[in-house]
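# Commentary on secondary and tertiary structure
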Amino acid sequence: MNVLLTPGLVVAIRSRHTPMLLEESSFTQKKRLWKVLLLGYSPDVRNGEDNKVLGFRLALWAWQEPEPKPPRQWQIREDKTDVVAFIPNAFATSVRHKRQDDDGEAEEQSVDELCDKRPPDEYFRLSTEGDCRDVVRCDQAGENGVTRLASVRCPNGLAFDIDRQTCDWRTNVKNCDRVESKCTKSGIKQITCPSGLSFDVDKQTCDWKGKVNNCDRLEKPRKIMPILKTDEPVCPEGKLSCGNGECIEKELFCNDKPDCKDESDENACTVETDPNRAPDCDPTQCVLPDCFCSADGTRIPGAVEPNQVPQMITITFNGAVNVDNIDLYEDIFNGQRQNPNGCQIRGTFFASHKYTNYSAVQDLHRRGHEIGVFSLTHKDDPLYWTQGSYDDWLAEMAGGRLIIERFANITDGSIIGMRAPYLRVGGNKQFEMMADQFFVYDASITAPLGRVPIWPYTLYFRMPHKCNGNAHNCPSRSHPVWEMVMNELDRRDDPSFDESLPGCHMVDSCSNIQTGDQFARLLRHNFNRHFNTNRAPLGLHFHASWLKSKKEFREELIKFVEEMLDRNDVYFVTMLQVIQWMQNPTELTALRDFQEWKEKCDVKGQPYCSLPNACPLTTRELPGETLRLFTCMECPNNYPWILDPTGDGFSAKK
């Protein structure tokens, strides 16, 4: 049996004879690879019933040449097998699909026609035939911006409710005769929270009923916006219009103090809309070593050729350093693993205060690792960070640094970086504090997953990517601070085949990574994404508890590190070492003598103390708690906290 595979074609074959012949299809599209997966399966294998998979796979690649070639043939020896061959990118814009309307009549439509004015999170049917389990949505995250249809199938026994946009028991779904919701195309969509939850109109998400305090409101308050763009000037030069037509000085917009009577001057303050925002990148003004920017963030510093750029990998950890994770750090950074320049591999540790063993932090610093600040209190209220004042950020980060320096005895001024808890960036206030307190870099902003990763940049000029991540409170103004941007990781198990998925910033936020093999593929695929493009630093960011949750995760990370160190073009470095290279871009051939990386090459001395003081302490700020502070230094009077970071006690008011 010969089968010709073409774009858009889904072929189901029942083989009763062997051998069965499959021809590779020849496509005329240039510079486009269409991968075909052939998968032996019995019913419901696509729903994940792996026990029924017959287990053979064959990857066929279409040619890139503009002219078709004679087909090649493969022989598959498998009897009585259901075989499905399908092309993931087949739902591309050039393909037309027969689609029923709600009256049952079929018409051919392209993906662009199907997706015109349709929100990307709306699911709809291509047909009312079948068991009501299959729906699609418009996916615009494909390569080169091509829109395609991503398919979803409800589990056995369930059907997709078009109105409620969710799977439900088959008997509960009354709209299997409709291909789409009557209201979603017009922009209205009904969402029902699961039992026990309520919808928070401010957060725009379902939450526990006890946490939702706005059930008496119908909608999120709508803010009055200023009138910033008009065909003709409506205000004198140097002034802008409030939402009510009042004109005020441009400098008064987005200064955290309402100056318009309708307060609209504080309602358009994003990276894109702030009237006093940082200018777009100007390479003639922004020059190394003090400033670095590029239009899209992908330019290599110093115009070094990609094959002469070291692939830097930063391994970072967030949270307390203590007996729960010290063994993990010693396992990864065991002193035996060296970069190609002969120096030991290094990591960066963003330390929070509570439960941290400062004698362990002191020893990490002695061994050449970088210590950063992850806050003093690590409060679990996200709005505390997103809406934090200048003084809040000052107390949390400068106070946290003061505690580390004092009780880990770090006196060389090397604590120059910070990361916001929950990656809740604090907007301009956070970065104003950082500049005033001589923090060199922040490592909290994430860049959305893209084809080419982004290099770190300074914030003198506008950030080169969309404000991604939690709460979207990125700095809009100009700041003399480096941003060690967190490029999202591509977490697809098979990137050449799987549907596009949102990236993940922390490795442990890649929720689909459940096994060591999946983790290994994640590491190598993302390494290749960076190495084969612009070699932007690859950030592997962890909470130690995730690596310790499964022994295979730790083993795979160590295996990956050792595999990379067998090369001569990969370096495991700290955040500061990345900045040092960017300020003085040096080609691979000269990197063995790069002095900035040689400063802490050799580990000298012994741990400061073998038995730290275990100081049992209290503070008025945490009534009823007795906390142990482990330090090689002298015990303070009180447990250091937000109002008393030295632990010396509160100043008496006169």
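Numbers given to residues run from 1 along each chain, matching the order in which its sequence is written. Since the coordinates come from a predicted model, pLDDT governs what is reported: local features require at least 70, and pairs of side-chain atoms require 80 or more to be given and counted, while whole-chain, interface and lining totals use all residues. In computing side-chain values, all of the structure's heavy atoms are included and hydrogens and water are not.

## Topic: the packing of helix α3 (residues 358–366) against helix α5 (residues 390–407)
Axes are the key here: two packed helices are described by the angle between their axes and the distance separating the axes. Lines fitted to C-alpha atoms define the axes here, with helix axes fitted over just the stretch in contact, and angles between the N-to-C directions of these axes take values from 0 to 180 degrees. Helix and strand definitions follow DSSP, with helices as H or I runs of at least four residues and strands as E runs of at least two, each counted in order from the N terminus. Running from amino to carboxyl end, α3 crosses α5 at an angle of 80°, the nearest separation of the two axes being 9 Å. By the angle between their directions, the pair α3 and α5 is classed as roughly perpendicular. Contacts from Tyr358, Val361 and Gln362 of α3 reach α5 at Ile403, Ile404 and Phe407. Ten residues, namely Ala, Val, Leu, Ile, Met, Phe, Trp, Tyr, Cys and Pro, are considered nonpolar, four, namely Asp, Glu, Lys and Arg, are considered charged, and the remaining ones, Gly among them, are considered polar. For the contact of α3 with α5, the residue count by class is five nonpolar, one polar and no charged. An angle counts as roughly parallel when it lies under 35 degrees, as roughly antiparallel when it exceeds 145, as roughly perpendicular when it falls between 65 and 115, and as oblique in every other case. By definition, residues are in contact when any of their heavy atoms lie within 4.5 Å.

## What to know about the nonpolar core
To qualify as a nonpolar core, a set must consist of buried Ala, Val, Leu, Ile, Met, Phe, Trp, Tyr and Cys residues joined through side-chain atoms within 4.5 Å. Exposure classes here rest on a 1.4 Å probe applied to the protein chains alone. A residue is buried below 20% of its type maximum, exposed above 50%, and partly exposed in between. The biggest cluster of nonpolar side chains holds 78 residues, and the ones touching the most others in it are Phe317, Ile404, Phe519, Phe542, Leu547 and Phe572. Per element, the largest residue contribution to this core is seven residues, and it comes from helix α9 (residues 551–565). With sequence-adjacent residues up to four places away left out, Ile404 is seen in contact with Ala351, Tyr358, Val361, Ile371, Gly372, Val373, Asn409, Ile410 and Ile415.

## What about the packing of α5 against helix α6 (residues 427–436)?
At a minimum axis separation of 8 Å, α5 and α6 run at an interaxial angle of 50°. For the element pair α5 / α6, the angle class is oblique. Note on packing geometry: the crossing formed by α5 with α6 is right-handed. Judged by residue contacts, Tyr390, Trp393, Leu394 and Met397 of α5 engage Lys429, Gln430, Glu432, Met433 and Asp436 from α6. Of the residues belonging to the contact of α5 with α6, the class tally is five nonpolar, one polar and three charged. A clockwise turn of the near helix away from the far one marks a right-handed crossing, whereas an anticlockwise turn of less than a right angle marks a left-handed crossing.

## Comments concerning α3
Extensive coverage of α3 is indicated by the burial of eight of its nine residues. Buried residues of α3: Tyr358, Ser359, Ala360, Val361, Gln362, Asp363, Leu364 and His365, and no others. Where the residues of α3 are buried, they touch α2 (326–332), β18 (348–351), β19 (370–373), α5 and β29 (627–631). Positive phi appears at Gly368, one or two residues downstream of α3, with a value of about 95°.

## Here's the deal with the pattern of salt bridges
The rule for a salt bridge is simple: a side-chain nitrogen of Lys or Arg has to be within 4 Å of a carboxyl oxygen of Asp or Glu. If you walk through the whole model with that rule in mind, you get 26 salt bridges. Close ionic contact of Arg337 with Glu562 constitutes a salt bridge, the shortest N to O distance being 3.1 Å. Remark: Glu562 occurs in helix α9 and Arg337 occurs in the loop between α2 and β18; sequence separation between them is 225 residues. For Arg337, a relative accessible area of 10% translates into the label buried. For Glu562, a relative accessible area of 38% translates into the label partly exposed.

## As for the packing of aromatic side chains
Aromatic rings from Phe, Tyr and Trp, with only the six-membered ring used for Trp, were paired whenever their centres fell within 6.5 Å, and each pair was classed as stacked if the ring planes differed by under 30 degrees, edge-to-face if by over 60, and tilted otherwise. According to the stated counting rule, one finds 20 aromatic pairs in the structure shown. Ring geometry for Phe317 versus Tyr329: centroids 4.7 Å apart, planes at 55°, classification tilted. Separated by 12 residues along the polypeptide, Phe317 in strand β17 (residues 311–318) and Tyr329 in helix α2 bring together distant segments of the chain. Tyr329 shares its class with Phe317; the two are buried. Among the aromatic residues, those joined into a cluster by ring pairs are Phe317, Tyr329, Phe333, Phe349, Phe519, Phe542, Trp546 and Phe553.

## Points about the environment of Arg554
Structurally, Arg554 is set in helix α9. Taking the C-alpha atoms as reference points, Arg554 and Gly516, separated by 38 residues in sequence, lie 8.6 Å from one another. Those residues in contact with Arg554 that sit more than four places away from it in its chain are Asp327, Leu328, Asp331, Leu547 and Lys548.

## With respect to the side chain of Asp569
For Asp569, the position within the fold is in the loop between α9 and β27 (570–572). A distance of 3.1 Å separates polar atoms of two side chains, one belonging to Asp569 and the other to Arg567. Once you skip the residues sitting within four places of it in the chain, Asp569 turns out to touch Pro310, Gln311, Pro340, Phe531, Arg535 and Leu588. Two N or O atoms count as a polar contact when they lie within 3.5 Å, although within protein this holds only if one can serve as hydrogen donor and the other as acceptor, and sequence-adjacent residues are included solely when both atoms are side-chain atoms.

## Points about α6
What α6 keeps buried is the set Gly427, Asn428, Gln430, Phe431, Met433 and Met434. Against α5, β20 (417–418), β21 (441–442) and β24 (482–483) lie the buried residues of α6. Phe438 sits one or two positions beyond α6 and adopts a positive phi of about 60°.

## Description of unusual backbone geometry
Put simply, Leu288 and Pro289 share a cis peptide bond, and its omega is 15°. Its location among the elements puts Pro289 in the loop between β16 (247–249) and β17. Non-glycine residue Ser375 carries a positive phi angle of around 100°. Topologically, Ser375 is positioned in the loop between β19 and α4 (382–386). Look at Asn409: it is not a glycine, yet its phi comes out positive at around 55°. The exposure class assigned to Asn409 is partly exposed, which follows from its relative accessible area of 27%.

## What about the state of the cysteines?
Throughout, a disulfide means two cysteine sulfur atoms within 2.5 Å of one another. Tallying each qualifying case throughout the model produces 14 disulfides. Shown here is the disulfide that connects Cys286 with Cys291, its sulfur atoms set 1.9 Å apart. Because the sign of the S-S torsion sets the handedness, a value of about -100° for the bond joining Cys286 and Cys291 places this disulfide among the left-handed ones. On the basis of relative accessibility, which here comes to 4%, the residue Cys286 falls in the buried class.

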